[in-house]
Amino acid sequence: MLPWYALLLPLASAIAITLFTRRSKALSSFLSIAAVIGSFVCSCLIFSQSGIHIPEFTWIDFGEGFKVPVGFTLDNLSKTMLVLVSGIGSLIHIYSLGYMRDDEGKSRYFAALSLFMFAMLGIVLANNFVMLFIFWELVGFTSYVLIGHWFYRDAAADAAKKAFITTRIGDFGFMLGILMVWMGTDSVVFTQIAQRLWILTSHPAFLTIAALLLFCGAVGKSAQFPLHVWLPDAMEGPTPISALIHAATMVAAGVYMLVRVAFIIQASPTALLIIAWVGTITAVMAALIATQQNDIKRILAYSTLSQLGYMVMAVGLASTEAAIFHLFTHAFFKALLFLAAGSVIVMLHHEQNIWKMGGLSRNLPITFLTFVIGALALIGCPPFSGFFSKDAILALAYERNMPIFVVGLFTAFLTAFYVMRLLVIVFFGKSRSEIARKSGESPLVMTGPLIVLALLATIGGFTFFARNFLALPIEKEVAFLVPALAIAVLILGSGLAIATYRNRTSEPLDFELLRDKFYFDEFYNWLIDCTQELLARICAFFDRWIIDAGVVGGTSSSAWGIGALLRLAQVGNLQAYLFLFGLGIVVLIYFAVFR
Amino acid sequence: MITLGDYLIVSGILFAIGFAGVMLRRNLIIILMSLELMLNAANLSLVAFSRFRVLPTGLPDYNVQVFVFFIITVAAAEVAVGLAILVALFRARQTTDVKDISSLKF
């Protein structure tokens, strides 16, 4: 029953908070944190045990063709993800206590957070496509609620809508993909689909389209090019949300799903190639944009995009081990970076512009140290965790696809550049505003999770630690060149950034194209304007002039018109009526008698 | 010898005079009188038909003449109601001219 407890505890907490404890913020946050820690304990127990048998029951049964069970997948992958999600979730719940201390909607926040944990654990545990899809949508919904937590701010409300609608586009493709797989194999359960894969492989074109449609879901949820536009805007939500949902777990759900269905995708080389290139494009594009952003959270958001691009690239290079390894380390160091950024933001009274910061290393020593660890892990500096996982992906690319390797290496250079830029501007030099000068260190409830995550980000990549959790990609001895090159571009990028941004008070470089994010938002606005808006205008015209004026208005005005015509006959003179009456009689007699 | 046709012609002339009176005169009392004239023209033709329709027994068809009595009594009642309406109308409008009574006109 352990998986049930792990899954349902957060749901119970969400229900209890919504129904009973909305008034009491303290009780709500306590319930939510207790639930997620309970969930974490259950996950650890599941992880330590093997051969847990969960009786599954049938939920929908339409004969052999369509049968949906409610059951759990408990392999190494899902066990690791379970521990990862609930563990990082627990830390972020605790951190939220500090970050959301004075927030009006604290109960609502914790209820949504609990619901998110439920949905995310559901994705991890699901053993069939239907369950996966339901939890997948639920995750999208909670993401919407949490991005729009400060819904009275227009930017937050718009960002929430954008995130929801953009991911829905991907989800629609995902649903079509599920339907295609179901059509081909008559099953939605992963294990059964794996057994009947030969049906799909005998139709290569069908398989490729199905695999790419499944990938669509990941494009939306993991914010890959071209549906990446929602993730940077999602930073309007509270920072712990950015850390948990939009960096460590939910956006990684797309990668997790790809790994879960990797047996389908890997059967189609075309799909693999497209996936690898989409990941590569996302990685390099997001890294380019990140070099010119000024909002601390947005920079981190673009680096998340870039790292997700690496993971998708790894999936596309047919190595799920490398993808999951990077997901694993990325979850630690990106959650760490976001939480440290959140600590900076809170201490600076919600100032997010990096040019208003500066010199924070003296005022926030713990935040600074943990941020540096996260940053070093992100740029792949040995011996921090990011080095091992990124190196694994680069080695893979070196071995299998040279152009992707070159672009990946360039992305690594850019990563080092923008992360060092961020570090130098935020933490070194002189304080560039009053609040930055007066800021102090965050409370323990916020620095505690930072320290734990910093520890994990440091050791997370070492084989002795990581091999307990996942199957590590096999290191080839030939690829000595790869880490050497990676370290070289790392030093180059960092050095360049330090040289460029040391003691600056404003941006010395000016690339409008990058600062405006390659004009994706403008392009999509234009696209919507000339498709959806055009359709809407045509519909409005049809409604206004054909339905309203023609059908509805026409009926009434024809009745009016005939009435107006007929009332001309009402002359009001009695004798005129009589004359007409007599005339009528005469006519009747004429027709009756003489015809 | 007076034939059915003669009676009918007289009846028709009476009816025409009545109809013309209703149609052309403006005074409501005259119109009412003309209406009675039309009614009596109809009665006359009915009685004439009765007189000239001889049954196998050798007698005229008295059913029609009884019917005419009914018409006369009903006409009397109708005149009573009509005059009452006319008086009420005169009290309300101070006129019996149909030209002034045109509220139904659009």
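Residues numbered from 1 in each chain as written. Chains lettered and ligands numbered in written order. Predicted model: local features only at pLDDT ≥ 70, side-chain atom pairs only at ≥ 80, totals over all residues. Heavy atoms only, no water.

1. Overview of the overall build of chain A
So, step 1. Helix and strand content of chain A: 28 helices and 2 strands.
So, step 2. Principal axes of the C-alpha set define a box for chain A whose edges measure 120 × 65 × 55 Å.
So, step 3. Counting every position in chain A, which comprises 595 residues, the buried fraction comes to 56%.
So, step 4. For chain A, contacts bridging at least 24 residues in sequence account for 81% of all contacts bridging at least 6.
So, step 5. Element-wise, carbon and sulfur atoms account for 70% of the exposed surface of chain A, whose accessible area totals about 25,000 Å².
So, step 6. For chain A, the distance from the average position of its 37 positive side-chain charges to the average position of its 33 negative side-chain charges is 5 Å. (Helix = DSSP H or I, 4+ residues; strand = E, 2+ residues; numbered from the N terminus. Buried < 20%, exposed > 50% of the residue type's maximum accessible area, 1.4 Å probe, protein only. Contact = heavy atoms within 4.5 Å. Areas by Shrake-Rupley, 256 points an atom, 1.4 Å probe, with all protein chains shown as cover. Lys, Arg positive; Asp, Glu negative; His and termini not counted. Charge placed at Lys NZ, Arg CZ, Asp CG, Glu CD.)

2. Let's talk about the packing of aromatic side chains
To describe a pair of aromatic rings, you give the distance between the ring centres and the angle between the ring planes.
Residue and element names in this part refer to chain A.
So, step 1. The tally for this structure, following the rule as stated, stands at 30 aromatic pairs over all chains.
So, step 2. Ring centres of F151 and Y152 lie 5.7 Å apart, and the angle between their planes is 65 degrees; this geometry places the pair in the edge-to-face category.
So, step 3. Since its relative accessible area comes to 59%, Y152 is described here as exposed.
So, step 4. Geometrically, the ring pair formed by F371 and F427 is tilted, given 5.2 Å between the ring centres and 50 degrees between the ring planes. Within this pair, whereas F371 is found in helix α18 (residues 365–379), its partner F427 is found in helix α20 (residues 402–427), the two being separated by 56 residues in sequence. (Phe/Tyr/Trp six-rings, centres within 6.5 Å; stacked < 30°, edge-to-face > 60°.)

3. Regarding empty space enclosed by the protein
Residue and element names in this part refer to chain A.
So, step 1. Evaluation of the coordinates by the stated rule reveals 4 cavities of 30 Å³ or more.
So, step 2. By volume, the largest cavity is sized at about 70 Å³.
So, step 3. I379, G380, G386, F387, K390, D391, L394, A412, A486, V489 and L490 together form the lining of the largest cavity.
So, step 4. With 5 residues, helix α19 (residues 385–400) is the single largest residue contributor to the lining of the largest cavity.
So, step 5. Partitioned by chemical class, the residues of the lining of the largest cavity number 7 nonpolar, 2 polar and 2 charged.
So, step 6. Size it by volume and the second largest cavity reaches roughly 60 Å³.
So, step 7. If you go around the second largest cavity, the residues you meet are H228, V229, P232, D233, Y302, K517, F520 and D521.
So, step 8. Those elements giving two or more residues to the lining of the second largest cavity turn out to be α10 (230–233) and α26 (520–530).
So, step 9. Looking at the lining of the second largest cavity residue by residue, the classes come out as 4 nonpolar, 1 polar and 3 charged. (1 Å grid on protein atoms, 1.4 Å probe; cavity = no way out; pocket = protein on both sides within 12 Å on 5 of 7 lines; lining within 4 Å. Points joined across faces, edges and corners; volume = space filled by probe spheres on them. Nonpolar A, V, L, I, M, F, W, Y, C, P; charged D, E, K, R; others polar.)

4. Considerations on the interface of chain A and chain B
So, step 1. Counting residues at the interface gives 11 residues for chain A, matched by 13 residues for chain B.
So, step 2. Taken together, the two surfaces of chain A and chain B that pack against each other cover about 980 Å², and 66% of this comes from carbon and sulfur.
So, step 3. Counting the contacts that link chain A with chain B gives 0 salt bridges.
So, step 4. Across the chain A-chain B interface, the total number found is 4 residue pairs in polar contact (both at pLDDT 80 or more).
So, step 5. Of the residues contributing to the side of chain A that touches chain B, the split by class is 5 nonpolar, 5 polar and 1 charged. (Buried area = accessible area lost by both parts, 1.4 Å probe. Salt bridge = Lys/Arg side-chain N within 4 Å of Asp/Glu carboxyl O. Polar contact = N/O pair within 3.5 Å; in protein donor to acceptor, adjacent residues only side chain to side chain.)

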